Structures are given as structure tokens and as C-alpha cells.
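Results of the structural survey
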Amino acid sequence: MHFLSTLFRQIQDPASQRLTWYKPPLTVLVIKKVRDTTVLAPFVQLVEWLVQEKHMVVWVESAVLDDPLLVEDKKFKNIKEKLVTFKDGRDDLTDRIDFIVCLGGDGTLLYASLLFQHSVPPVMAFHLGSLGFLTPFEFENFQEQVTNVLEGHAALTLRSRLRCIIYRKSDRSRETESDYQAKNSYNYQTDGGHYSTKGGDGTSKKGETNILVLNEVVIDRGPSPYLSNIDLFLDGKYITSVQGDGLIVSTPTGSTAYAVAAGASMIHPSVPAIMVTPICPHSLSFRPIVVPAGVELRISISPDSRNTSWVSFDGRNRQELLHGDCLRVTTSIYPVPSICAQDQITDWFDSLAECLHWNVRKKQKCLDELCDLTASGSEDTLDDLDRVNDSILDS
């Protein structure tokens, strides 16, 4: 009994996750939705306010400044020279950014996750896109909201990510599988080790794909007309073979993305878990499953599969998975700290209702039971019906 009480006390309440600045944030990265003219005015307002009022060092992607509409904006010309720029895939932002602000849809948060393949600064996402499931803030009173965050008055949702590593058969043709695993076992435990990526390109020096995803990694049959035939292992033990259009391995955050469209349950992002969801499985009994966050999944093409498969990471870096290749997936030690507009529970259920219209329907009208019986035209009372049922049972 003492053991159980101790165990329950160790379960963390999501409400205890609060934003704490160990030093005042000085640098901020502003990510805007690309090719969207409606975001330009809010972007200029925010950047100008951060530079002039908050005296912060503002980073933006260099490609953003090439927008013709921004070039023509007279107000923006005054602050353009004060901005620090970077190029995706070339510059490393690790330990340079204290705070991230996203302007757009859910894709901006996914892009922030891609840019930071290790520790991620706190992310504040404004809803200026299409869906906005991961962007809880409205832009109207951004000054007050950003000030509250900079002062540390905010709750956090720690969104777990998946570490995905592809090992190519061609890269280990001269090594046995046991030797290869033994040499790289340290890397699994340290969340990537020397295979870590820089710049978000997802490619290591040796050529293996090593990338962190916020939503999901998808393995599908690609252009082939044949079923995918994928072997699934959990902590080295064979679980099943997936025959169908493919497989989705997702985080709780990704449970409301592609996975929910494929029939999976929706899981709160604070739940430590990995979701495994088949895509159009060739078996009616193959239902989505949830496994503990600490396990390692190994996915490979079945030896007798008629075709190869294709894999993509948060909708990017799509590549072919060949016979003999191996994809390993486990929970990363680097989550994305997403700042809440209200709190972890309210934000999530508000998103379910507003974006997915979860459990939205017209309420059933309340009927008077006595009037209902009278309107039916039957002369039988409830007691008469009970007596008929009793006589049937006795016979």
C-alpha cells in the first residue's frame, strides 16, 4: 500500500508545468507563414514592437525579407537593418534563441520543431492560418499577451517528439547486425549521439536519416499498386506485420492530425505515449494501439514484400525504405515547450471543439413522459406492459 501511494504521488499534474525564465529573454525568433499576404501586417507590427518597445534581438529567416511586399513597406524599411537573419539548412540556431513566436497555422510550429533538433526554446504560436489546432493565441492584443509571457505568467505544454533514425543496409553491408547495434547502442540512449543533425536537414555525416518529429512519421506504399508489407518490432520483439496502405507512428500531439483521420483516438499531449495506427489495413481486426513512451519501435520491409515503402517525417524529407533498411523510432528527450493561452486542459478541449467540432450536435429535446404515452394512442399503461412481460417470462 505504501508503494502504491508513493507511485501515485510521482504522477505529474500537467498544471504544474509553468514557464520559468532563469534570465530575462533577450533574443526572439519570429516565424511567419510563407506565401500568405494576410500575415505580413501582423509580422511587421510584432517585429517593430519587439525591437522598439521590448529592445529584443529579433531573428528571422533570410527568405522572409525577400518578400516583394515587405521590400516596398516603408515602415518595415526602418527596422529591417536591425534584424538578424539565418538560412535554413546552413545556420545552426542552437543556444542562440531564447524565445520563439510563430505567426500562421500549425505548420509554423512544425517548422520550429524542425529547426531545433535538440533543445527547443519556448514557443508562442498565434493563430493566423487555416486550422490552428496548435496555435492558441489570437493576435488582436498581442502586446499584452507577449508581455505576460516575457514576465513568466504562462502555462506550458511539453509536447513530446519522436526520434527517427533510418539505418541503410548498404551502410552496414560489411558489419553484422549485432556488431552494428552494439556500436550504435550509445546513440539510442543519448538521443542521437554523433548522428545528431544541424540545420534541420535530417541527414548525418554518414548518410543515415536522423530527425525529430512533432506529429508523426508515416510509412506508406508510395506509387506501388501492391499492399505495404511492413514488419513491426517493439524493443526487439516481433509484434506483427502490417499489410495495407501503410503505418502511422505518432506522438500524442500528432494524434489529432493524420492519425485521427485514420481512425485513431485523440490523446492529450501531456500523456507519455506513442501511437501506432495502420492506414487502411487489410484486416478488419487491426485497430490502432498505444504503447508506452519509453519503448523503441523498429520498422522494416518484410522479406517477402512485393514492393518497397516510402517514409516521411512531419510531411517532409520523403524517401524510399528499401528491403534490408531499418527505421527505429523512440521518444526523444527533447520536447517542444508550447506556451498555453489559458492552461493545458482548456486549450486542448477548446481546440477539439473549434477545429474538429468534437461532439458537436443538436441537443435532444426534452419530452414529457406522460404526454409522450398519451400521444402514442396506446391505452396500455406501464403497469400493463410490465404484467405482459412477466407472463411471457413465466411461460
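Here the structure is shown first, and the text comes after it.
Attention in this report is confined to the structure presented alongside it. Everything quoted here is computed from the prediction, not taken from an experiment.

1. Describing the pattern of salt bridges
- For the structure shown, the criterion picks out 6 salt bridges.
- A salt bridge links D245 to R221; the nearest nitrogen and oxygen atoms lie 2.8 Å apart. Highlighted residues: D245 in strand 11 (residues 237-250) and R221 in the loop between strand 9 (216-220) and strand 10 (228-234), separated in sequence by 24 residues.
- The class of D245 is partly exposed, set by a relative accessible area of 24%.
- For R221, a relative accessible area of 24% gives the class partly exposed.

2. Re the environment of S309
- Within the secondary structure, S309 is located in strand 15 (residues 309-313).
- By relative accessible area, which is 1% here, S309 ends up buried.
- As for S309 and N229, which are separated by 80 residues in sequence, their C-alpha atoms are 8.4 Å apart.
- Setting aside anything within four residues of it in sequence, one finds S309 in contact with I219, D220, S228, I230, I301, Q319, E320 and L321.

3. Let's talk about the side chain of E296
- By secondary structure assignment, the location of E296 is in strand 14 (residues 296-301).
- In this structure the side chain of E296 is engaged in a polar contact, spanning 2.9 Å, whose partner is the side chain of R328.

4. Considerations on helix 6 (residues 142-150)
- Within helix 6 the residues assigned to the buried category are F142, Q145, V146, T147, V149 and L150.
- The secondary structure elements touched by the buried residues of helix 6 are helix 2 (40-52), strand 4 (99-104), strand 5 (123-127) and strand 18 (336-339).
- Backbone geometry just after helix 6 places G152 at a positive phi near 85 degrees.

5. Digging into the nonpolar core
- Counting 50 residues, the largest nonpolar core has L29, I100, C164, V249, F313 and L327 as the members making the most contacts within it.
- Inspection of this core shows a minimum of three residues originating in each of domain 1 (20-155) and domain 2 (163-172 + 208-333).
- Here L29 is in contact with W59, V60, F86, L93, I97, F99, I100, V101, L115 and F116, once residues within four sequence places are set aside.
- Grouped together as the second largest cluster of nonpolar side chains are 36 residues, L65, L83, V101 and F137 included.

6. Description of a negative patch on the surface
- Where like charges cluster on the molecular surface, the negative patch consists of E138, E140, D350 and E354.
- By the element assignment, D350 lies in helix 9 (residues 344-355).

7. Details of a nonpolar patch on the surface
- On the surface, I345, F349, L356 and W358 cluster together to form a nonpolar patch covering roughly 360 Å² of accessible area.
- Its place among the elements puts W358 in the loop between helix 9 and helix 10 (369-375).

8. Considering unusual backbone geometry
- The phi dihedral of C280 falls on the positive side, at around 45 degrees, and the residue is not glycine.
- Tracing the sequence through the fold places C280 in strand 12 (residues 273-281).
- If you check the backbone angles, H357 has positive phi at about 50 degrees while not being a glycine.
- With respect to the helices and strands, H357 occurs in the loop between helix 9 and helix 10.
- Residue classification places H357 among the exposed residues on the basis of a relative accessible area of 53%.

Calculation notes
Residues numbered from 1 in each chain as written. Predicted model: local features only at pLDDT ≥ 70, side-chain atom pairs only at ≥ 80, totals over all residues. Heavy atoms only, no water. Salt bridge = Lys/Arg side-chain N within 4 Å of Asp/Glu carboxyl O. Helix = DSSP H or I, 4+ residues; strand = E, 2+ residues; numbered from the N terminus. Buried < 20%, exposed > 50% of the residue type's maximum accessible area, 1.4 Å probe, protein only. Contact = heavy atoms within 4.5 Å. Polar contact = N/O pair within 3.5 Å; in protein donor to acceptor, adjacent residues only side chain to side chain. Core = buried A, V, L, I, M, F, W, Y, C linked by side-chain atoms within 4.5 Å. Domains from an automatic or database assignment. Patch = residues over 30% accessible without salt bridge, like charges linked within 9 Å, V, L, I, M, F, W, Y side chains within 5 Å. Areas by Shrake-Rupley, 256 points an atom, 1.4 Å probe, with all protein chains shown as cover. Lys, Arg positive; Asp, Glu negative; His and termini not counted. Charge placed at Lys NZ, Arg CZ, Asp CG, Glu CD.

Function-wise, these values are silent; they only describe arrangement.
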